[in-house]
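Examination of the molecular architecture
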Amino acid sequence: MTWSGRKDGHEWWRHAVIYQVYIRSFADGNGDGVGDIAGIRSRLPYLKDLGVDALWINPWYPSPMADGGYDVSDYRGIAPEFGTLADATEFIDDAHMHGFRVLLDIVPNHTSSAHPWFQAALASAPGSPARQRYHFRPGSGPHGDQPPNDWRSVFGGGGWTRITEMDGTEGEWYLHLFAPEQPDLNWEHPDVAEDFDTTLRFWFERGIDGFRIDVANSLAKAAGLPDVGVDQSVAAAMYSLADHPHWDRDEVHEVYRRWRRIANSYDPPRIFVAEALVYDPERLARYLRADELHTAFNFEFLECPWLAEPLRRVIDATVLEHAQVAAPPTWVLSNHDVARHVSRYARPQSTSRTRTLDDIIDKPMDLALGTRRARAAALLMLALPGCAYIYQGDELGLPEVEDLADDVLQDPTWERSEHTERGRDGCRVPLPWSGQVSPYGFSPPNSAKPPWLPQPDYWRGYTAQSQADDPHSMLTFYRHALRIRRTFEALGDGPLVWIDSAPDVLHFSRPTGFECLVNLSDTPTDMARDSRILISSQPLTTRSELPSDTAVWLSTNS
Ligand code: NOJ
Ligand code: CA
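Report follows, based on the coordinates. Quick caveat, the model's predicted, so the values are computed rather than measured. (Residues numbered from 1 in each chain as written. Chains lettered and ligands numbered in written order. Predicted model: local features only at pLDDT ≥ 70, side-chain atom pairs only at ≥ 80, totals over all residues. Heavy atoms only, no water.)

1. Things to note about helix 13 (residues 367-383)
- The end-to-end C-alpha separation of helix 13 is 24 Å, in line with the 24 Å expected for 17 residues at 1.5 Å each.
- In terms of burial, helix 13 is a largely internal element, twelve of the 17 residues being buried.
- Among the residues making up helix 13, those that are buried are G370, R373, A374, R375, A376, A377, A378, L379, L380, M381, L382 and A383.
- For helix 13, the capping residue at the N-terminal end is D366, with a side-chain oxygen 3.3 Å from the backbone nitrogen of A368. (Helix = DSSP H or I, 4+ residues; strand = E, 2+ residues; numbered from the N terminus. Expected span 1.5 Å × (residues − 1). Buried < 20%, exposed > 50% of the residue type's maximum accessible area, 1.4 Å probe, protein only. Polar contact = N/O pair within 3.5 Å; in protein donor to acceptor, adjacent residues only side chain to side chain.)

Encoded structure:
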């Protein structure tokens with residue numbers, strides 16, 4: 001394997017910039033309107049030019065796609081719409097030849113209802129061994145027609161579905177914290193842990209460098225499955241309750257100690273990043289103890305409004321808690337589950353958390369302002385200590401597609417919420433690569449099918465091709481910032497030191513020789529003149545002042 005990253009070979013995951021490939025929407029190699037492995041391979045040179053270090057591929061396994069592939073029916077295969085296992089191994093080798101690390105996505109909380117284990121459970125009697133791999137229970141109430149407890153589905157509605165037994169009678173209920181097509185596994189069952197060991201090894205042996213772990217904080221369930229007991233319509237209750245019966249239970253850490261031993265048995269050791277919505281930084285850091293996972297997504301940062309004080313608080317808490325366990329922080333602005341940050345920042349900012357399109361859709365929008373802030377946010381994120389994640393299309397400045405017609409929506413949230421929440425399709429629209437009309441180079445010319453979600457007309461102005469040679473484009477800006485980040489030793493892992501600043505201005509140094517200044521106020525702020533400007537998020541008209549919603553990187557060595 002060749003590796004051309006900075007700090008060659010040295011714990012790359014402590015400073016990498018990782019690009020998230022949402023495979024269905026990245027690039028379509030065969031013209032069926034769905035992104036695939038051939039498409040990603042064809043765009044490796046683009047990613048090399050962009051200057052990222054690693055790729056994280058969302059689930060590419062066989063799946064009925066009830067939840068965009070997070071309903072896996074075979075963990076050791078490839079969905080035919082994405083390619084073959086041979087394509088996958090060739091892709092991994094090719095990505096390595098280009099100098100990228102490759103992370104896959106593992107989904108341990110639930111399988112697909114089409115998984116052979118779940119099918120076997122449905123075909124077996126209540127209480128039979130096949131049912132023990134999931135959470136089957138009799139219903140409550142005199143007739144068993146009420147769910148066993150009060151747990152909710154994250155996608156809306158109840159967390160239990162009743163089955164019809166093989167003899168045609170109304171039967172047991174099974175747990176699904178997500179869609180009914182995603183039954184939760186019983187991690188108390190030895191088959192479950194053993195099968196995931198096999199899956200980890202299967203992909204490690206095919207050369208992948210690590211895994212992103214889907215809902216890493218939900219695998220352990222409290223014995224007896226007791227009620228949550230509070231109103232779970234308030235999102236905070238879903239995630240933040242102390243001693244919650246299914247989020248962030250202490251027992252879950254045993255799984256990750258086991259996984260770490262497996263990852264460490266490879267040379268070089270493989271790595272993990274946890275997707276764990278745990279808002280208490282101290283609790284989140286527990287996943288990152290030396291014998292558990294390497295890194296975790298920082299959702300506090302992603303959901304933080306574009307306001308100086310909350311951002312500073314999140315940065316401080318993150319850096320402090322990660323230091324206690326000697327793990328590198330990570331930073332992320334968007335992903336396939338949230339409204340794109342250009343569109344979130346285009347709204348008036350308040351101190352409440354903002355995540356989905358449904359949180360913002362009714363608020364007035366100023367896309368130019370959102371884009372301006374997104375550029376400043378990119379410089380902030382890339383200057384912070386540790387790793388950074390870029391979601392495909394961030395580098396093109398794509399906004400959320402907010403006006404998808406009801407009948408094209410595919411996110412299970414739309415149906416489960418009885419058409420009250422539009423869900424996550426607006427950040428999953430296939431990328432615009434080139435040309436003036438859809439499919440904008442996403443699919444080959446004259447393809448049989450249109451992209452699986454329609455691309456808006458105004459995206460002709462957002463294509464990678466139209467931005468490639470434009471010195472003012474988001475793409476050129478990202479390439480430039482990533483190039484500086486690669487060459488500047490102070491960036492990536494290491495200390496951060498705050499510098500006194502005016503209100504609503506974030507100013508810090510990365511020892512030695514680097515400063516980042518971000519002006520989130522409404523007025524220009526002073527800039528030291530004895531430093532050299534490396535990059536600014538907007539053109540600067542004076543050397544002494546930094547305009548509103550603008551960030552700058554300074555070299556203080558010269
Ligand atoms: C988190 C994933 O990012 C999301 O897309 C998925 O719906 C849920 N986990 C359930 O697997
Ligand atoms: Ca395809």
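2. Here's the deal with the packing of helix 5 (residues 190-205) against helix 7 (residues 252-264)
- As a packed pair, helix 5 and helix 7 sit with axes 11 Å apart at the nearest point and diverge in direction by 30°. With respect to their mutual orientation, helix 5 and helix 7 come out roughly parallel. The handedness of the crossing between helix 5 and helix 7 is right-handed. Contacts between helix 5 and helix 7 involve A193, E194, F196, D197, L200, R201 and F204 from the first element and R258, W259, I262 and A263 from the second.
- Residues of the contact of helix 5 with helix 7, tallied by class, amount to seven nonpolar, no polar and four charged. (Axes fitted to C-alpha atoms, helices over the stretch in contact; angles between N-to-C directions. Parallel < 35°, antiparallel > 145°, perpendicular 65-115°, else oblique. Left-handed = near helix turned anticlockwise from the far one by under 90°. Contact = heavy atoms within 4.5 Å. Nonpolar A, V, L, I, M, F, W, Y, C, P; charged D, E, K, R; others polar.)

3. Quick word on the site of ligand 1
- Surveying the vicinity of ligand 1 reveals 13 residues, the closest of which are D67, R212, D214, H336 and D337.
- Within the contact set of ligand 1, an oxygen atom lies 2.4 Å away from a side-chain nitrogen or oxygen of D337.
- Within the side chain of R424, one N or O atom sits 2.9 Å away from an oxygen atom of ligand 1.
- Coverage of ligand 1 by the protein amounts to 97% of the 300 Å² it exposes when considered alone.
- Here the shell around ligand 1 is composed, by residue class, of three nonpolar, three polar and seven charged. (Near = heavy atom within 4 Å. Areas by Shrake-Rupley, 256 points an atom, 1.4 Å probe, with all protein chains shown as cover.)

4. Side note on the sheet that holds strand 7 (residues 210-213)
- The strand order across the open sheet built from eight strands is 9-8-7-3-2-1-11-10, with neighbouring strands paired in parallel fashion. Among the strands making up the open sheet, the edge pair consists of strand 9 (295-296) and strand 10 (330-332).
- Examined bridge by bridge, strand 8 (residues 271-274) and strand 9 share two bridges and lie parallel to one another. Bridge pairing in strand 9 links A274 to A296.
- Helix-sheet contacts for helix 3 (residues 85-97) involve strand 2 (54-57) and strand 3 (101-106), and the interaxial angle to strand 3 is about 140°.
- Sheet strands in contact with helix 13 are strand 1 (17-21), strand 10 and strand 11 (387-391), and its direction is about 145° off that of strand 11. (Pairing = 2+ DSSP bridges.)

Keep in mind these numbers describe shape, not what the thing actually does.
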